[in-house]
Amino acid sequence: MDFTLNERQLQLRSLIRGILAQQERPDKAGAPVFDAALMAALRSKGLYRKRAPGDDLLDAAMITEEVSQANRLAPVGLQLFLCAALFDQIPQEPIAIQYEGSRVPLRYAASASTLVILGDVEANAYRVDPAKAELAPSNYVYPLAYPAPASGKPIGTWPVAVVRRRWQLALAAEIVGAMSAALAQVVSYLSDRKQFGKRIGSFQAVQHRLAELAVSVECARLLVHEAAWRDDDALAASAACYAATAARQVCLDAHQLSGARGFTLEFKLYLSTLRLQALSLEGRGATQHGACAANEHWSVAMTQLLGCEAGNQSIQGGRTRRSEPSSHSPS
Amino acid sequence: MEFAWSEDEVEFRQTLRAFIREHVRDEDQLLVPGEDPYSDSSIEFCRKLAAKGWLVPHWPKEYGGSDASSWIFAITSEELWAAGEPRGSQYMNVNWIGPAIIAAGTPEQKAQHLGRIASGDVLWCQGFSELDAGSDLVAMQTFAKKDGDHYVVNGQKIWTSYASKAEYCFLLAKTRQDGDPQHSISIFLVPMNTPGVRVEVVPTMLDIHTVHRLTFENVRVPASCRMGAENAGWPIVRDALSDERVGTPRYARAEEVLNRVVEIAAERGLFADGRLQRMASHASAACRAARLLSYQVRQSRSKGAGAGPEAYIGRVAIVRAEREVAEFAVEVVGEESLLGGSLVDGEFRTAMIAGLGGGSYEMQLNLIARLWLRLPKGA
Ligand SMILES: Cc1cc2nc3c(=O)[nH]c(=O)nc-3n(C[C@H](O)[C@H](O)[C@H](O)COP(=O)(O)OP(=O)(O)OC[C@H]3O[C@@H](n4cnc5c(N)ncnc54)[C@H](O)[C@@H]3O)c2cc1C
C-alpha cells in the first residue's frame, strides 16, 4: 500500500494542471459545446495514448478528475477509461454511451460519432452521424442530445461488464472532480462572507455541514482511485454508487450554503453543481450502480433473489466476470 | 382537537376547484414555473377572483374583504398553489403586504392601497435583501434621509422577485445611522416609477424564477409614503413575515407534483418498487405534516397571537416537504429530469430555492433552537 503519488504521477498532474491553466475556457454564450481545444491540447501532450499492458487506470482517473475540477467540458473520462483500453484508435470525437432500450438525453451525443450500447451480455460500439442527433433542451451545463439510432455492424464488441465498469469509473472520477470544485468554491466564499459581523464560515453549524461534505468527497475519491487501480467490477460499481449519492448532497448543500449569490451566472457555482446533478443520474444513477455492486458483492444472495420474481428486474446486463477484490489482476 | 372541515368549507373548496379548472390557464396548471411570474395574466385572474369575493375573503369588510374565517383563505391559497399559483406575485399582496397596511398604515395609505390590492389589479415587490444584508437583514445599508416633507433614498436592494412588473415596492431602509439596527429601520411604500429607481435583472441559472437588482439613486419619496413611525418598521415587518412564512402553502403545490409523479411512476410500471413507495409515502407525510403545522400557526395567529416559534417549525417543514418531493420526482424520471421546462426539472429548481427565498432554512433552525428549545445563545 502506498497512498502517495509517485514521481511520474506527480509529473502527470502538473502537466495537466499546466494545460488547464494555459487554455482559456471557451466563451460559453449560446448552447454549450465541448471544449475541443482542450481535448486537442491533452492529446498533443500524449495524454491520450492507448494503455500499455500492465498500466493501471489511475492516470485516467487523475486526468478526468482534474479536468472536471477545473469545470471544463471535455469528455475525457469516457475517452480515457473506455477507449484507451478498448479501441485500437482513440476516436477524435467524444463518444456517447447508454443502456440498450433507454431513450434518454446523453452527454455530448451531438458531437459523438461513436455510440456505445450496453446490452445484457455484450456492449457494442457503433458509428453514428452526430449531425443526426437530436438536441435536448437542457440547462445542466453539459450539451445533451438524443443520439441518432445505431445501425449497421458494430465497430467493436466487448463483454458488458468491462464497458460498464469503465463507464462507472469515468463517471465517478468526474463526480469527484466536480464535488471538489463545488466544495472548494463554497469554502472559499464562506471564509470571506460576513453576516452578523462574523464570517459565515466561522459558524459551527455551517462548518459541520461543510465538513460532512468534505468527508463524502474524500471517501468517494479514494473509492474511485482504488477501483480504477484494480479495474474491478464490484469496486467500480460501488464507487459510482457512492459518488452519485454524494453528488446530490454536495449539489444541494453547496447551493443552500452559498445563499442567493450561488445561483447567479456570475458566481459560476452552477458549473460544478448542475454537472453533479446530471452526472448523478447518468447510467440510471446510484440505484443502478448499487444494483450492479450488489450483484457482484453478494452474488450468492443475488442468485437466490433471481429465483424470486421481482429480484433482478432493475439490473441491466448480467454478471460476466467474478471479481476478487483482494487479488489484483490487471487485465 | 378536531381535524374535520365544516360542510361550508368542504363546499367552498369544491366550488373553488371548479372555478380554477375553468379560469386558470392550462400552462399554469402544468405546475412548471416559468420565468415570467405570470404578471399580466395574474391581473386578469385576480380580478376574476376578486369579483367572486375570493381574493381577500379574510380581510375586514371595510377594506374590501368579507370577514371570512382564515380557513377560507387557507383553502383558497392551497387550491391556488396546487394549480400553479395563478395569482403570481399577488399572493404576497393578500398574504402580508395588505395585512401589514391594515395593521400599520395611515388612513390615506389604506385608502390608496387596500382597495387596489383587494380588487386584484396591482403588483408589488419586496425590497428587503441587500448584497451584504441577507440572513442578517438588519445590517442593511439603504438609507432614507429626511429632507423636509420628503425622504431621499440611496442604496441597492437585490434578489428582488417580481420587480420588473411591480408598481410598488415594500421597501425597508435605515432612517438613522447609529443606534440599534433593529430600531433604525423604516418602511416605505414606494411607487416604482419614482425617478431614480432602476431595475435590472440579475442573470441566474434558475430558469424558473427571475430576481432583480433595485438601485435607488437620490430617490425622493414623500414622507406620506412612510408606513409606521420612523425607525419602527422592524416589528411590523417581523410580524408580517411570519404570515409570509406559513401563509404560502407551498406544500399544496408539492403534494400535487408528488401525485402527478406517482402517476408517471405507475404508468411506467415502476411503482411496484417498495423503495419508491416508501419515498413517495414519506414525502406525502412530510407535505401533510407541513400542512398541519401551518394550520396550527394560522389558528393561533387568527386568535391574535404574535409570531411564535411554531411559524419557524412550519417553514422548515415546508422546505423539507418540497425537497423530498423533488428527490422522489428525480428518482422516478431519472435522466429525463434534465430536460428543460419539464415538470421534474422545475421541481428540482423549486426545491433548490425553497430554503432561501423568504428567509433561509438555517436562520429558522437557529430560531427554533433558541425560541422553541430554549437552548443557550452562542458565544
Ligand atoms: C429565488 C429567490 C427569491 C428571492 N426573492 C426576494 C425578494 O423578493 N425580496 C427580498 O428582499 N429578498 C429576496 N430573496 C433573498 C433571500 O431572502 C435571501 O437569499 C436570504 O435571506 C438569505 O440571504 P443570502 O442569500 O444573502 O445568504 P447569506 O446570508 O449569505 O447566507 C448564506 C448561507 O449561510 C447560512 N447562514 C448565515 N448565517 C448563519 C448562521 N448564523 N448560522 C447558520 N447558517 C448561517 C444561510 O442560512 C445560508 O445558507 C430571494 C432569494 C431567492 C433565492
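Thresholds applied
- All chains use their own residue numbering, which begins from 1 and follows the written sequence.
- Whichever chain is written first becomes A and whichever ligand is written first becomes 1, with later ones labelled in order.
- In keeping with the predicted nature of the model, local features appear solely for residues at pLDDT of at least 70, side-chain atom pairs appear and are counted solely at 80 or more, and the whole-chain, interface and lining totals rest on all residues.
- Processing note: side-chain calculations cover all non-hydrogen atoms of the structure and skip hydrogens and water entirely.
- To qualify as a helix, a DSSP run of H or I must reach at least 4 residues; to qualify as a strand, a run of E must reach at least 2; elements of each kind are numbered from the N terminus.
- Type-normalised accessible area, obtained with a 1.4 Å probe on protein chains alone, sets the label of each residue: buried when under 20%, exposed when over 50%, and partly exposed for intermediate values.
- We call two residues in contact whenever any of their non-hydrogen atoms come within 4.5 Å of each other.
- Calculation of accessible area relied on Shrake-Rupley with a 1.4 Å probe; when residues are assessed, cover is drawn exclusively from the protein chains displayed.
- Ring geometry is summarised as follows: Phe, Tyr and Trp rings, the Trp one being its six-membered ring, pair when their centres sit within 6.5 Å, and such pairs are stacked at plane angles under 30 degrees, edge-to-face over 60 and tilted between the two.
- Disulfide assignment relies on a single distance test, namely cysteine sulfur atoms paired within 2.5 Å.
- We call a residue near a molecule or strand as soon as one heavy atom of that residue lies within 4 Å of the molecule or strand.
- Each residue is assigned to one class: nonpolar for Ala, Val, Leu, Ile, Met, Phe, Trp, Tyr, Cys and Pro, charged for Asp, Glu, Lys and Arg, and polar for all the others, Gly among them.
- Should DSSP find at least two bridges between two strands, the strands are taken to pair.
- By convention in these notes, a salt bridge is any Lys or Arg side-chain nitrogen within 4 Å of a carboxyl oxygen on Asp or Glu.
- All domain edges in this entry derive from an automatic or database-based domain assignment.
- Summed over both partners, the accessible area lost on bringing two parts together, with a 1.4 Å probe, is the buried area.
- The term polar contact refers here to a pair of N or O atoms within 3.5 Å; inside protein, the definition further demands a hydrogen-donor-capable atom paired with an acceptor-capable atom, and it admits residues adjacent in sequence only when both atoms are side-chain atoms.
- Every helix has an expected span of 1.5 Å times one less than the residues it contains.
- Only the stretch in contact is used when fitting a helix axis, every axis being a line fitted to C-alpha atoms; angles between N-to-C directions are given from 0 to 180 degrees.

Draft legend 1. Structural detail: the overall build of chain A. Secondary structure summary: chain A contains 10 helices and nine strands in total. Counting the 331 residues in chain A, one finds 55% classified as buried. Considering only intrachain contacts with a sequence separation of at least 6, the fraction spanning at least 24 residues in chain A is 69%. Of the roughly 14300 Å² that chain A leaves accessible, carbon and sulfur atoms contribute 55%.

Draft legend 2. Highlighting the packing of aromatic side chains. Within the structure shown, the criterion is met by 19 aromatic pairs over all chains. Judged by centre distance (6.4 Å) and plane angle (90°), the rings of Phe34 of chain A and Tyr108 of chain A are edge-to-face. Pair noted here: Phe34 of chain A is in the loop between α1 (7–22) and α2 (36–44) and Tyr108 of chain A is in the loop between β2 (106–107) and β3 (114–118), with a separation of 74 residues, a long-range link. Owing to a relative accessible area of 3%, Tyr108 of chain A belongs among the buried residues under this scheme. Residues Tyr189 of chain A and Phe267 of chain A carry aromatic rings whose centres are separated by 4.9 Å and whose planes lie at 70° to one another, so their mutual orientation is edge-to-face. With Tyr189 of chain A in helix α5 (residues 160–192) and Phe267 of chain A in the loop between α7 (233–258) and α8 (270–281), this residue pair connects regions lying 78 residues apart in the sequence. One exposure class covers both Tyr189 of chain A and Phe267 of chain A, and it is buried. Following the ring pairs from residue to residue traces out a cluster consisting of Phe12, Phe19, Phe45 and Trp54 of chain B.

Draft legend 3. Just the state of the cysteines, in detail. Overall, the coordinates contain zero disulfides over all chains when judged by the stated rule. Sulfur of Cys251 of chain A: no disulfide; nearest cysteine sulfur belongs to Cys241 of chain A and is 18 Å away. Given the relative accessible area of 0%, Cys251 of chain A is considered buried. We note that Cys225 of chain B lacks a disulfide partner, and the nearest cysteine sulfur, in Cys169 of chain B, lies 11 Å from it. The class of Cys225 of chain B is buried, set by a relative accessible area of 13%.

Draft legend 4. Structural context of the site of the ligand. Near the ligand, the surroundings consist of 29 residues, among which Arg193 and Gln256 of chain A together with Ser129, Ser135 and Ser360 of chain B are the closest. In this structure, the ligand is bordered by residues of chains A and B. Coverage of the ligand by the protein amounts to 94% of the 970 Å² it exposes when considered alone. The set of elements that each furnish at least two residues to the shell around the ligand consists of α7 of chain A together with β3 (150–161) and α12 (361–372) of chain B. Considering only residue class, the shell around the ligand consists of 13 nonpolar, 14 polar and two charged.

Draft legend 5. Region of interest: the sheet that holds strand β6 (residues 144–146) of chain A. Taken in spatial order, the three strands make up an open sheet running β2-β6-β5 (chain A), and their pairing is antiparallel. The strands lining the two open edges of the sheet, one partner per strand, are β2 and β5 (134–135) of chain A.

Draft legend 6. Region of the structure containing the pattern of salt bridges. Residues and elements named next belong to chain B. This structure, assessed with the given rule, holds 38 salt bridges over all chains. Among the salt bridges present, the one from Asp121 reaches Arg116, with a minimum N-O distance of 3.8 Å. For Arg116, a relative accessible area of 29% corresponds to the partly exposed category. Of the charged contacts in the structure, one is a salt bridge between Arg116 and Glu167, with a shortest N-O distance of 2.6 Å. Taken together, the residues Arg116 in helix α6 (residues 107–119) and Glu167 in the loop between β3 and β4 (168–174) connect sequence positions 51 residues apart. With relative accessibility at 34%, the residue Glu167 sits in the partly exposed group.

Draft legend 7. Fine view of the domain arrangement of chain B. Residues and elements named next belong to chain B. Taken domain by domain, chain B consists of domain 1 (7–122), domain 2 (125–231) and domain 3 (249–371). Computed from C-alpha atoms alone, the centre-to-centre distance between domain 1 and domain 3 is 22 Å. The partner domain 3 presents 18 residues to the 15 residues of domain 1 that form the contact. Taken together, both faces of the contact between domain 1 and domain 3 bury some 1400 Å²; the carbon and sulfur share is 62%. It is Leu31, Glu78 and Trp81 that lose the most area in domain 1 upon contact with domain 3, and together they represent 41% of the buried surface on that side.

Draft legend 8. Expanded view of the side chain of Arg349 of chain B. Position of Arg349 of chain B relative to the elements: it lies in helix α11 (residues 343–354). Here the side chain of Arg349 of chain B touches Asn139 of chain A through a polar contact of 2.8 Å, landing on its backbone oxygen. Excluding anything up to four places from it in sequence, Arg349 of chain B contacts Asn139, Tyr140 and Leu274 of chain A together with Met205, Leu206, Asp207 and Ile208 of chain B.

Draft legend 9. Fine view of α11 of chain B. End to end, α11 of chain B covers 16 Å across 12 residues, agreeing with the expected 16 Å (1.5 Å per residue, within 8%). With 12 of its 12 residues buried, α11 of chain B lies for the most part within the structure. Along its buried surface, α11 of chain B packs onto α7 and α8 of chain A together with α8 (250–267) and α10 (309–333) of chain B.

Draft legend 10. Summary view of the environment of Tyr270 of chain A. Residue and element names in this part refer to chain A. Following the sequence through the fold, Tyr270 ends up in helix α8. Accessibility expressed as a relative area gives 7% for Tyr270, which makes it buried. Note: C-alpha distance between Tyr270 and Asn139 (131 residues apart in sequence) is 9.9 Å.

Draft legend 11. Main features of the sheet that holds strand β4 (residues 122–127) of chain A. Residue and element names in this part refer to chain A. As summarised here, the arrangement of the four strands in space is β1-β3-β4-β7, forming an open sheet in which the pairing is mixed. Since the sheet does not close on itself, it has two edges, and those belong to β1 (95–99) and β7 (156–159), each with one partner. Neighbouring strand axes in the sheet, compared pairwise and without regard to direction, differ in orientation by 20° on average. Where β4 lies against β7, four bridges are found, and the strand directions are antiparallel. From the neighbouring strand, Asn124 faces β7, where its bridge partner is Thr157. Packed onto the sheet, α5 meets β1, β3, β4 and β7 and runs at close to 90° relative to β7.

Draft legend 12. Seen up close, the environment of Met352 of chain B. Among the secondary structure elements, Met352 of chain B is positioned in helix α11. Among the residues examined, Met352 of chain B registers a relative accessible area of 3% and is labelled buried. In this structure the C-alpha to C-alpha distance between Met352 of chain B and Glu108 of chain B, which are 244 residues apart in sequence, comes to 40 Å. If we ignore the near neighbours within four places in the chain, the residues touching Met352 of chain B are Cys251, Leu252, His255, Phe263 and Leu274 of chain A together with Met205 of chain B.

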